[in-house]
Amino acid sequence: YSNFIDDLRVYVRGGTGGMGYPNLGGEGGRGGDVWFVARERTTLKSIRQKYPQKRFVAGTGANSSVKALKGEKGKDCEVHVPLGISVLDDDGKQIGELNAAGERFLAARGGLGGSLATNFLPCKGQRRTVHLDLKLIADVGLVGFPNAGKSSLLSKISHAKPEIANYPFTTIQPELGKIMYADYKQISVADLPGLIEGAHANKGMGHKFLKHVERTKQLLLVVDISGFQLSIKTRFRTAFETILLLTKELELYKEELVTKPALLAINKMDLPCAKDNLDELMTQLENPQDFFHLLEEEIIPENTLEFREVIPISTYTGEGIEELKTCLRKSIDEQAEQVNEEYRKKKLLLLQTSK
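In every chain, residue numbers begin from 1 and rise along the written sequence. Side-chain atom pairs in this predicted model are given and counted only at pLDDT of 80 or more, local residue features only at pLDDT of at least 70, and totals for whole chains, interfaces and linings cover all residues. The basis for every side-chain value is the complete set of heavy atoms in the structure, and neither hydrogens nor water enter the calculation.

(A) Quick look at the overall build of the protein. When its secondary structure is counted, the protein shows six helices and 14 strands. Whether a residue is buried, partly exposed or exposed follows from its accessible area with a 1.4 Å probe, protein chains only, as a fraction of its type maximum: under 20%, in between, or over 50%, in that order. Scored against the burial criterion, the 355 residues of the protein give a buried share of 48%. Taking the intrachain contacts of the protein between residues at least 6 apart in sequence as the baseline, contacts between residues at least 24 apart amount to 72%. Counting from the N terminus, the helices are DSSP H or I runs at least four residues long and the strands are E runs at least two residues long. Any two residues whose heavy atoms approach within 4.5 Å are treated as being in contact.

(B) Expanded view of a nonpolar patch on the surface. Patch definition: residues above 30% relative accessible area lacking any salt bridge, with like charges linked at up to 9 Å and the nonpolar side chains Val, Leu, Ile, Met, Phe, Trp and Tyr linked at up to 5 Å. In these tables, accessible area is a Shrake-Rupley quantity obtained with a 1.4 Å probe, and a residue counts as shielded only by the protein chains included in the view. Each salt bridge in this description consists of a side-chain nitrogen of Lys or Arg and a carboxyl oxygen of Asp or Glu lying within 4 Å of one another. A cluster of nonpolar side chains, namely L24, V66 and L69, defines an oily patch on the protein surface of about 270 Å² accessible area. Residue position: L24 is located in the loop between β1 (7-13) and β2 (34-38).

(C) How the structure looks around the sheet that holds strand β12 (residues 216-224). Strand order across the open sheet formed by six strands is β10-β11-β9-β12-β13-β14, with mixed pairing between neighbours. Only two strands of the sheet have a single partner each, and these edge strands are β10 (175-180) and β14 (307-312). Averaged over neighbouring strand pairs, the angle between their axes works out to 25° when direction is ignored. Strands in contact with helix α2 (residues 150-157) are β9 (138-143), β10, β11 (186-191) and β12; relative to β11, the strand with the most contacts, it is inclined by about 160°. Only the contacting stretch of a helix is used when fitting its axis, a line to C-alpha atoms as for every element, and angles between N-to-C directions run 0 to 180 degrees. Seen against the sheet, helix α4 (residues 239-253) touches β9, β12, β13 (262-267) and β14 and runs at an angle of roughly 150° to β12. Strand pairing is assigned whenever DSSP detects at least two bridges linking the two strands.

(D) Highlighting the packing of α2 against helix α6 (residues 321-354). Viewed as axis vectors pointing N to C, α2 and α6 meet at an angle of 80°, and their least axial separation amounts to 11 Å. Judged by the inter-axis angle, α2 sits roughly perpendicular to α6. When α2 is examined against α6, the residues L153, K156 and I157 are found in contact with a partner set consisting of I321, L324 and K325. Among the residues making up the contact of α2 with α6, the classes are represented as four nonpolar, no polar and two charged. Roughly parallel covers angles under 35 degrees, roughly antiparallel covers those over 145, roughly perpendicular covers 65 to 115, and oblique covers all other angles. Any residue that is not Ala, Val, Leu, Ile, Met, Phe, Trp, Tyr, Cys, Pro, Asp, Glu, Lys or Arg is counted as polar, Gly included; the first ten are nonpolar and the last four charged.

(E) A look at the sheet that holds β1. One open sheet holds the five strands; their spatial order is β3-β1-β8-β5-β6, and the pairing between them is mixed. The open sheet terminates on both sides in strands that have one partner only, identified here as β3 (55-57) and β6 (94-98). Geometrically, the sheet is characterised by an average inter-axis angle of 25° between neighbouring strands, direction not taken into account. Here strand β5 (residues 85-88) runs beside β6; their pairing, made up of four bridges, is antiparallel. By the bridge assignment for β6, V87 is matched with G96.

(F) Looking closely at the side chain of K260. Mapped onto the elements, K260 comes out in the loop between α4 and β13. Ignoring sequence-local partners within four residues, the contact set of K260 consists of V213, E214, T216, K217 and L219.

(G) Local environment of the packing of aromatic side chains. Between rings of Phe, Tyr and Trp, where Trp is taken as its six-membered ring, a pair exists when centres lie within 6.5 Å; planes separated by under 30 degrees are stacked, by over 60 edge-to-face, and by other angles tilted. According to the stated counting rule, one finds four aromatic pairs in the structure shown. Geometrically, the ring pair formed by F145 and F228 is stacked, given 5.0 Å between the ring centres and 15° between the ring planes. Highlighted residues: F145 in the loop between β9 and α2 and F228 in the loop between β12 and α4, separated in sequence by 83 residues. In this pair, the class of F145 matches that of F228, namely buried. Residues F240 and F291 carry aromatic rings whose centres are separated by 6.1 Å and whose planes lie at 70° to one another, so their mutual orientation is edge-to-face. Taken together, the residues F240 in helix α4 and F291 in the loop between α5 (274-286) and β14 connect sequence positions 51 residues apart. Of the residues examined, F240 reaches a relative accessible area of 4% and is grouped as buried. Any Lys NZ or Arg CZ that is within 6 Å of a ring centre and within 35 degrees of that ring's normal is treated as a charge sitting over the ring. Taking the ring centre of W35 as reference, the NZ or CZ of R104 above it sits at 4.6 Å.

Interpretation note: all reported values are geometric properties and have no functional meaning in isolation.
Here it is in structure tokens:
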């Protein structure tokens, strides 16, 4: 993943409470808390550079005194983190997440100050090691094997400038682009590192790729109409087999990924024989089960993806690009309307039950 960091292990400790004052019954101040605060234009790499020790400790509570029987609370420690962060404990269990700017998560609580209940002795703050796990948030995630043309497509539909070359694994870190529409609507698109067969088992970039797919609202599969072969040591796969393999990898990693709304872009339609290959592929996609007997069992997914649209494109000539942008907009708008409708129904149901 070169310089891109999507996982960071940090130590957090709440502040110790202040001493109590036994003679006058004074209470020490509480220790400060450690907070993670989501903030735009922040990266895990910048956190690591700014805090190489990766330790975050809150301030100690003030001691109780004759002048101030109730000691002041210790200073909180705020750590700015990127949007799309899952907070995991050392056992890998998720204990919180931050998806929108300004969201806060209490990482370590400060200890109580000394009081009658604690025999006027202060308590230590909570301490633990946590993992900050970044999962990219985007409206659309581009999914495809290396060299399918995802980076070229992203550069065509948005202002992103990903590195593009004629060899596999050009993309070694997620690239984000934004499609701008005439009415100023924006749709964010993430070009994610190319999958390979066995990615669900963490081969290649495996889980580093697949975890980013989780946070996208929709999937856009990008497939080379002439098929795909990673190297001379691996099998050649037709466009139909490629779609099944991509579906299988998503399904084996996490079944819910296959239930996301999906579109299919058939790329490299400028190549000779592309039209014939497309006709054959469309026949196969109409009734995929009819062709399963011709394939090895291990590449057949439990559930096939239902594509909202299938759009033939060429990132070389620009064919189908505008149609694809229109289809993406329509699909995102429909999904948003569906979410709003479900929210309205839920609110109505709550009102009816409260009455």
